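Close look at the chain arrangement
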Amino acid sequence: MGIVKISDELHEEIRKASTAMVRSINSQAEYWIKMGMLAEINPTMTYSELLREQLRHAAVELAEPVQPTLSKVVNG
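Overview of the structure. (Residues numbered from 1 in each chain as written. Predicted model: local features only at pLDDT ≥ 70, side-chain atom pairs only at ≥ 80, totals over all residues. Heavy atoms only, no water.)

1. With respect to the packing of aromatic side chains
Applied cut-off: Pairing of aromatic rings covers Phe, Tyr and Trp, the last counted by its six-membered ring, and requires centre-to-centre distances within 6.5 Å; plane angles under 30 degrees mean stacked, over 60 mean edge-to-face, and any other angle means tilted. Only when the NZ of Lys or the CZ of Arg is both within 6 Å of the ring centre and within 35 degrees of the ring normal is a charge said to sit over the ring.
Counted by the stated rule, this structure contains zero aromatic pairs. The ring of Tyr-31 is capped by Arg-23, whose NZ or CZ atom sits 4.0 Å from the centre of that ring.

In structure tokens, the structure reads:
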């Protein structure tokens, strides 16, 4: 394990993202580093494809993607 120096601004963005994604700050930084590395070595793959491949490697059983539905809010 080592220490990586990053700017205060990037650290703040990682902190905010880690809160939204329910990860520790270190886990969020590690996730972004890993996904960035994967994107660089697989430039033709989309984020979704990279994520699906990582889940497959971890033997996560994938369900079919859920199609979003739009619902109309009715004020009554």
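Let us keep going from here.
2. Brief notes about helix α1 (residues 8–20)
Cut-off, in case you're wondering: Secondary structure counts use DSSP, requiring at least four H or I residues in a row for a helix and at least two E residues in a row for a strand, with both numbered from the N terminus. Residue count minus one, scaled by 1.5 Å, sets the expected span of a helix. Only protein chains enter the area calculation, which uses a 1.4 Å probe; residues under 20% of their type maximum are buried, those over 50% are exposed, and those in between are partly exposed. Note that the arc is computed from the directions linking the helix axis to the C-beta atoms. Contacts: residue pairs with any heavy atoms within 4.5 Å of one another.
The end-to-end C-alpha distance of α1 is 19 Å, a good match for the 18 Å that 13 residues give at a rise of 1.5 Å each. Those residues of α1 that sit buried are Ile-14, Ala-17 and Ser-18. Buried residues of α1 fall within an arc of 100 degrees about the axis and therefore sit on the same side. Among the exposed residues of α1, those oriented more than 90 degrees off its buried face are Asp-8, Glu-9, Thr-19 and Ala-20. The inward-facing, buried residues of α1 contact α2 (25–41). A positive backbone phi angle near 55 degrees is found at Val-22, which sits one or two residues after α1.

3. Re the side chain of Ser-18
Relative to the helices and strands, Ser-18 resides in helix α1. Judged by relative accessible area, Ser-18 falls into the buried class, the value being 4%. Among residues more than four places away in sequence, those in contact with Ser-18 are Arg-23, Ser-24, Ile-25 and Gln-28.

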